[in-house]
Amino acid sequence: MIGALLAASYFTAPAVAQDRPDDDEAAKVEDIIVTGTRLTDTGIGNKTSLGILGERPILDTPFSVTSFTEALIRNTGARSLSDVLVRDPSVSADSNPAGPQDGFAIRGFFVGRGAYMYDGIPGLTLNDGYLSVANLERVEVFRGANAFLAGASPFGGVGGAINLVPKRPGDAPVNEAYVGYQSDSPLAGVDFSRRFGANQQFGVRFNGYYQSGNGAVDQLQRRTENFALFTDWKPSDTLYLSLELQRFRDRTDGYRDDVFLAAGVAVPRIPDLKRNYLQPWTFIEQSGVRWTAQARWEFVPGWSVQAGYGKIDGDRDNGYYSAFGEVTDNAGTIVSFPFRSYQPNNDIEAGQFLLKGKFSALGGQTLLTAGYTLSDTYFFGFAGATPLAPITSNLFNPVYVPAPAAPQGANPSGINITEVRGWVGMAEQRWFDERLSVLAGVRKVDIKLDTFFAQFDDGRTSPFGALSFKPTVNSTIYASYTEGLERGGTAPVAAINANETLPPGITRQYELGGKIDLGGLLATAAVFEISRPLEFINAARFFVQDGRQTHRGAELQLQGSIRRDVRVISGITYLDATIDNGNPALKGNRPLGVPEWTGTLFVDADIAPLPGLTINGGLIYKGPQFADLANTQRVESSTRVDAGARYAFDAGDTRLTARLSVENILNDGYWSVNSGGGLLLSSPRTVRLSLSAEF
């Protein structure tokens, strides 16, 4: 697979060769600042922000990376992160489409919010709610080497990381307003950007988004508000300063969460996709303010300091929360165990401080990086949860009961703290006009947890290494290895030891890959092995660590323009996921919710006879999965079909674009399984309409 890419590179190199920037240009601060990837109709960016490595062309990175751009977000009508990442076959949904939040797994491993980066700063996202993409310029998916790039994740993320890059003022002004409609839910937004000053050194960009109404599922209601103001100042070629302020609110009522299967119960038939089998009075709400500040200064040629720091002042109320529902028999009986929970304050502080240098040495170019990172999460005034009486309902004939009275939880108020801090050092040596690169690094990470249910303070120094070679200017092969420390999981409410946090575990990752730019069409391939401690609820209903979970796999992706008027985003992922060591009865079985094969194909085509008209379609395939570690509860494969169109036209000096997208156009019902073994029911056919005006 990788060899085929290399062979192709020798035949395509002359057509796509590009001049490399000289060293002086590459060292300038503006070249390492995310100033915006050129928007193309493909929706795939050619740059990415690699944590401590800074911004690099995707072709020059020793990792598997995909960068989804603002163009894709706009043209597909995406409103949440799920709408974007559905195009990546290595990313699978880990939360219910009609549930209370976005959740994902990469390469079969759950991605906790601590594995998210915001503008390159690790951990600067809240743990609940949907993530609006209205203010994002790019959504970047890093597969594999997350432990070194972003540090230890406080909530899981060995399979990869997600970086959310906000919109910032570019060279050209932006004036856009849009309105839309999605499943009985109207929406509206604005995007405004300007640069000021004699040398255009001051910039401002404002994004506002509001949506409120019913969802595609009965009794589901959502309200989302997102307002972001990004300002920057470039007083010289060597200094860059920025500040972003964001106000957000997300509330979901009457959501449909995942359900679990009791031992011996068969996977149920598909219920009515529009019906909510849980209670209509459940809700979850989070709101708050996020601010981020960035500074980059090249104090002498080739040497710079970079600092990024952010804080979220958040409020969260889990409300009446249906903790989980368990299907107890083959007739579809569900017993759910709701509770009333309060967490008035959910605050996060995160930062990254780096010293970078580049100079000639050892017959080539040497790049050095040293720095410090932190990601601290605080739950202030956590008041616990009030368990409510179990509720018996049915998947096929739901029984709705009045909301019970629930006083505030009985646990004493206090502070629930998770602190992840550490040092990092890295050296990269490049030879032969930067065609051969050797990268080595080490990261020291300390995790401190102080909660009502567990306390520990542990640390580890982990290595990282990568070797990459460019056989031609348009191709790269690479190999990498990394180790990391990951916080142990927290026992779910279904376990007898609910809320207990397990000790940190060691993760290991190997990867070999290749990339080739075929003149606007980027092909990537990778083989990998990732392992981490296995965590699950055992037969005695205790949440435990026992054995290891190992995923060996391969990926192939093709993204870009097949021809000038046809664009494609496609890929396939194979995962040989097994349970190693630990309980002999489980050894060799597949972990929860990990399909052997997944694949995506999205095509976007201009219709030449009707200038301005573009049609698109998508296929999403997910292979069979298991909902239990004994591998007796098998969920069959599924295929989702999407379709859409957009039409751009001028009305005087205003550019108007009408967009239509339909998810699950065939209204197919299917189950999938998340990393915890919960069954996720597909959403019914969902229609989105929007009209935007650029003036």
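### Looking at the overall build of the protein
In step 1: Scanning the protein from N- to C-terminus turns up six helices and 39 strands.
In step 2: Counting only residues that meet the buried cut, the protein has 59% of its 695 residues in that class.
In step 3: In the protein, the share of contacts with a sequence separation of at least 24, taken over all contacts with a separation of at least 6, comes to 67%.
In step 4: Accessible surface for the protein amounts to roughly 26300 Å². Of this, 59% is attributable to carbon and sulfur atoms.

### What to know about unusual backbone geometry
In step 1: One non-glycine residue, Gln219, lies in positive phi territory at about 75°.
In step 2: Summarising the element assignment, Gln219 is placed in the loop between β13 (202-214) and β14 (221-236).
In step 3: We note that Asn667 has phi near 55°; this positive angle belongs to a residue other than glycine.
In step 4: Note that Asn667 resides in the loop between β36 (654-663) and β37 (671-673).

### Some words on the packing of aromatic side chains
In step 1: Under the defined criterion, the tally for this structure stands at nine aromatic pairs.
In step 2: Judged by centre distance (6.0 Å) and plane angle (5°), the rings of Phe202 and Trp233 are stacked. Residue Phe202 is located in strand β13, and its partner Trp233 is located in strand β14; the two are separated by 31 residues in the primary sequence.
In step 3: By relative accessible area, Trp233 is classed as partly exposed at 35%.
In step 4: On the numbers, 5.4 Å between centres and 25° between planes, the contact of Tyr647 with Phe649 is stacked.
In step 5: By relative accessible area, which is 38% here, Tyr647 ends up partly exposed.
In step 6: Under the relative-accessibility criterion, Phe649 is labelled partly exposed at 28%.

### With respect to the sheet that holds strand β7 (residues 116-118)
In step 1: If you walk across this open sheet you meet the five strands as β3-β9-β10-β7-β8, and the pairing is mixed. The outermost strands of the open sheet, each flanked by one partner alone, are β3 (64-69) and β8 (121-122).
In step 2: Sheet analysis places strand β9 (residues 136-143) next to strand β10 (residues 160-166), joined by seven bridges and oriented antiparallel. For Arg143, the partnering residue across the bridge sits in β10 and is Gly160.

### A short note on the side chain of Asp102
In step 1: On the secondary structure map, Asp102 appears in the loop between β4 (91-93) and β5 (104-106).
In step 2: Of note is the side chain of Asp102, whose polar atom sits 2.4 Å from the side chain of Ser82.

### Details of the environment of Leu362
In step 1: On the secondary structure map, Leu362 appears in the loop between β19 (333-361) and β20 (364-380).
In step 2: Distance in space between the C-alpha atoms of Leu362 and Arg430 is 9.2 Å, their sequence separation being 68 residues.
In step 3: Apart from residues no more than four positions distant in its own chain, Leu362 is found in contact with Gln429 and Trp431.

### What to know about the sheet that holds β5
In step 1: Pairing is antiparallel in the open sheet, where three strands are placed in the order β4-β5-β6. Both outer strands of the open sheet, β4 and β6 (109-111), are each paired with one neighbouring strand and no more. Neighbour-to-neighbour, the strand axes of the sheet open up by a mean angle of 40°, direction not taken into account.
In step 2: Pairing geometry for β4 and β5, over three bridges, is antiparallel. Across the sheet, the residue bridging to Ser92 is Ala105, located in β5.

### So, a nonpolar patch on the surface
In step 1: There is a patch of nonpolar side chains on the surface, built from Val190, Phe192, Phe206, Phe227, Leu229, Leu243 and Leu245 and spanning about 530 Å² of accessible area.
In step 2: For the nonpolar patch, the secondary-structure elements that each account for two or more residues are β12 (186-196), β14 and β15 (239-253).
In step 3: Looking at Val190, the relative accessible area reads 36%, which means it is partly exposed.

### Quick word on the nonpolar core
In step 1: Membership of the largest hydrophobic core comes to 33 residues, with the highest contact counts inside it found for Phe68, Leu81, Val84, Leu85, Val139, Ile162 and Leu164.
In step 2: Contacts of Val84, omitting those with residues within four sequence positions, involve Phe68, Leu72, Ile73, Ala78, Val133 and Val139.
In step 3: One finds Ile334, Ala627, Val635 and Leu681 within the second-largest nonpolar core, a separate group that totals 17 residues.

### Here's the deal with the pattern of salt bridges
In step 1: Counting across every chain of the model gives 40 salt bridges.
In step 2: In this structure, Arg223 and Glu225 form a salt bridge, with 2.7 Å as the shortest nitrogen-oxygen distance.
In step 3: Overall, the relative accessible area of 16% leaves Glu225 in the buried class.
In step 4: Sharing partners across several salt bridges, the network here consists of Glu70, Arg74, Lys167, Glu176, Asp191 and Arg205.

### Let's talk about the side chain of Thr292
In step 1: When you line up the elements, Thr292 lands in strand β17 (residues 283-300).
In step 2: Apart from residues lying up to four places away in sequence, Thr292 is in contact with Tyr118, Leu124, Ser242, Leu243, Glu244, Tyr309 and Gly310.

### Some details on the pairing of β3
In step 1: Among the six residues in β3, six count as buried, and that is most of the element.
In step 2: The alternating pattern of β3 places Ser64, Thr66 and Phe68 and Val65, Ser67 and Thr69 on opposite faces, both of which are buried.
In step 3: Taken together, the six bridges between β3 and β9 define a ladder with antiparallel strand orientation. Bridge pairing links Val65 to Phe142 in β9.

### Some details on the pairing of strand β26 (residues 475-486)
In step 1: Within β26, nine of the 12 residues are buried, which leaves the element mostly enclosed by the surrounding structure.
In step 2: One ladder, built from six bridges, connects strand β25 (residues 455-469) with β26; its direction is antiparallel. Of the residues in β26, the one forming a bridge with Phe469 is Ile477.
In step 3: Between the end of β25 and the start of β26, which pair antiparallel, lie five residues.

### With respect to the environment of Gly180
In step 1: Among the secondary structure elements, Gly180 is positioned in strand β11 (residues 174-182).
In step 2: Counting along the chain gives 480 residues from Gly180 to Leu660, while the straight-line C-alpha distance between them is 9.7 Å.
In step 3: With near-sequence residues (within four places) excluded, Gly180 lies in contact with Ser185, Pro186, Leu187, Leu689 and Ser690.

### A short note on the environment of Leu680
In step 1: Tracing the chain through its elements places Leu680 in strand β38 (residues 679-681).
In step 2: Linking Leu680 and Asp257, residues 423 residues apart in sequence, is a C-alpha distance of 7.5 Å.
In step 3: Not counting residues up to four positions away in its chain, the partners in contact with Leu680 are Ala93, Asp94, Ser95, Asn96, Asp258, Tyr670, Trp671, Ser672 and Asn674.

Rules used in this analysis
Think of each chain on its own: its residues are numbered from 1, step by step along the sequence as written. In keeping with the predicted nature of the model, local features appear solely for residues at pLDDT of at least 70, side-chain atom pairs appear and are counted solely at 80 or more, and the whole-chain, interface and lining totals rest on all residues. Only hydrogens and water are set aside when side-chain values are computed; all heavy atoms of the structure are taken into account. By definition, any uninterrupted DSSP run of H or I lasting at least four residues is a helix, any uninterrupted run of E lasting at least two residues is a strand, and each is numbered from the N terminus. Here the term buried applies to any residue with accessible area under 20% of the maximum for its type, exposed to any over 50%, and partly exposed to those in between, with areas from a 1.4 Å probe on protein chains only. In what follows, a contact means two residues having at least one pair of non-hydrogen atoms within 4.5 Å. Note that accessible areas follow from Shrake-Rupley with a 1.4 Å probe, and for residues the cover is restricted to the protein chains shown. Each Phe, Tyr or Trp ring (for Trp, its six-membered ring) is paired with any other whose centre lies within 6.5 Å, and the angle between the two planes then decides the class: stacked below 30 degrees, edge-to-face above 60, tilted in between. Any two strands with at least two DSSP-identified bridges between them are counted as paired. Within 3.5 Å is the distance limit for a polar contact, defined as a pair of N or O atoms, with the added protein rule that one can donate a hydrogen and the other accept it, and that residues adjacent in sequence qualify only through two side-chain atoms. The axes are straight lines fitted to the C-alpha atoms, using for helices just the contacting stretch, and the angles between their N-to-C directions are given from 0 to 180°. Put simply, a patch holds well-exposed residues, over 30% relative accessible area, that have no salt bridge, with like charges counted together within 9 Å and Val, Leu, Ile, Met, Phe, Trp or Tyr side chains within 5 Å. Salt bridges are counted wherever a side-chain nitrogen of Lys or Arg sits within 4 Å of a carboxyl oxygen of Asp or Glu. In plain words, nonpolar cores are sets of buried Ala, Val, Leu, Ile, Met, Phe, Trp, Tyr and Cys residues tied together by side-chain atoms within 4.5 Å.

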